[in-house]
Amino acid sequence: MNLASIPSPSTGVIELGPIPLRGYAFCIIIGVFVAVWIGNKRWVARGGKAGTVADIAVWAVPFGLVGGRLYHVITDYQLYFSDGQNWVDAFKIWEGGLGIWGAIALGAVGAWIGCRRRGIPLPAWADALAPGIAIAQAIGRWGNWFNQELYGKPTDLPWALEISEGPNRVAGTYHPTFLYESLWCIGVALLVIWADRRFKLGHGRAFALYVAAYCAGRGWIEYMRVDEAHHVLGLRLNVWTAIIVFALAVAYIVISAKLRPGREEIVEPEKDAAEAVKDAEKKDDADAADATEKDGDPLKKDTPAKDTPAKDAAPEAADKS
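Note that the coordinates shown come from a computational prediction; the quantities given were computed from them, not determined experimentally.

(A) Inspection of the overall build of the protein at higher detail. When helices and strands are tallied, the protein shows 12 helices and six strands. Residue burial in the protein is summarised as follows: out of 321 residues, 37% are buried. Contacts in the protein between residues at least 24 apart in sequence constitute 72% of all its contacts with a sequence separation of at least 6. Taken as a whole, the protein presents about 18,900 Å² of accessible surface, with 66% of it coming from carbon and sulfur.

(B) Region of interest: the packing of helix H4 (residues 100–118) against helix H8 (residues 205–224). The N-to-C vectors of H4 and H8 enclose an angle of 170°; their axes lie 13 Å apart at closest approach. Taken together, the axes of H4 and H8 are roughly antiparallel relative to one another. In the packing of H4 onto H8, the handedness of the crossing is left-handed. For the pair H4 and H8, the contacting residues are Ile 100, Trp 101 and Ile 104 in the first and Phe 207, Tyr 210, Tyr 214, Cys 215 and Arg 218 in the second. Across the contact of H4 with H8, the residue classes break down as seven nonpolar, no polar and one charged.

(C) Spotlight on the environment of Phe 63. For Phe 63, the location among the structural elements is in helix H2 (residues 52–75). What Phe 63 contacts, discounting residues up to four positions off in sequence, is Leu 106, Gly 107, Val 109, Gly 110 and Ile 113.

(D) The side chain of Arg 169, seen in detail. Here Arg 169 is to be found in the loop between strand E3 (161–163) and strand E4 (172–174). No salt bridge forms around the buried Arg 169; measuring N to O, its nearest opposite-charge neighbour Glu 165 is 7.5 Å away. Excluding residues that lie within four positions of it along the chain, Arg 169 makes contacts with Asn 147, Gln 148, Tyr 151, Ile 163 and Ser 164.

(E) Highlighting unusual backbone geometry. In this model, Gln 148 sits at a positive phi of 50°, which is unusual for a non-glycine residue. Looking at the secondary structure, you find Gln 148 in the loop between helix H6 (142–147) and E3. Taking the relative accessible area as the measure of exposure, Gln 148 reaches 7% and is therefore buried. Positive phi is not limited to glycine here, since Lys 200 has a value of about 50°.

What counts, and where the lines are drawn
- Residues numbered from 1 in each chain as written.
- Predicted model: local features only at pLDDT ≥ 70, side-chain atom pairs only at ≥ 80, totals over all residues.
- Heavy atoms only, no water.
- Helix = DSSP H or I, 4+ residues; strand = E, 2+ residues; numbered from the N terminus.
- Buried < 20%, exposed > 50% of the residue type's maximum accessible area, 1.4 Å probe, protein only.
- Contact = heavy atoms within 4.5 Å.
- Areas by Shrake-Rupley, 256 points an atom, 1.4 Å probe, with all protein chains shown as cover.
- Axes fitted to C-alpha atoms, helices over the stretch in contact; angles between N-to-C directions.
- Parallel < 35°, antiparallel > 145°, perpendicular 65-115°, else oblique.
- Left-handed = near helix turned anticlockwise from the far one by under 90°.
- Nonpolar A, V, L, I, M, F, W, Y, C, P; charged D, E, K, R; others polar.
- Lys, Arg positive; Asp, Glu negative; His and termini not counted.
- Salt bridge = Lys/Arg side-chain N within 4 Å of Asp/Glu carboxyl O.

Shown next as structure tokens:
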């Protein structure tokens, strides 16, 4: 018997009059806004323009949502295309089911399109956004709490998660793997911020550090989960994915540091060009003002002195007297 546990919400939907507010979708939306806010602050600190991160996110977010859903549907196709299942449910994203691997992969394609249109290097933009993505994941994982999904093995620990009876789940107390991953993602964000300040990470290495650190946690957290998943050589598919992506991220950090050490000096050429034009205009104005002061007023310069004859006449008057 558990003396303490984490209760689960009785429903994942809050009715606001005629509008249903789904907890899962709400967490995703809040996470996106927080990620863009953090990314914008870091981008401006790197020398970029305010609002650029949001402009590119307009491309990245839709691509990421599609990619995340595609990964989930492909890797768990039996939930939608097996006998007795309705394939239309594959489009019900608000009911849960986004794969972070697909979201990052296809979201990067959208970000590349947005960066290319603005003439911005994608690695620099990704570095600015990396901690924000981790925080967005930390917030988004609470959507799983609303849906009572993606929990771990049974446990009687004080922080066990209460799960009620429902479709494809048995009532009991389980490891709150959603909470473990949420806390891990917060740690990843803090690690990336610290490392970026300490080592001046650039050329995509801050983003690669986020990927590697997240994969390190996702591996052991995924191993604890009990939801249905495909297995390869005795391990869940997402465990293998985490191992492979971790290795690729570490390799990128090492190789990139040798090929392109340091950090980008210019992250947004458009802003630097605009500032250069403004500086040139200010310099021209200053030079024109200096020239005017040196030349003086030509009207005053050409006017003859009226007091000179009066001064010269004074001695003559004195001699006559």
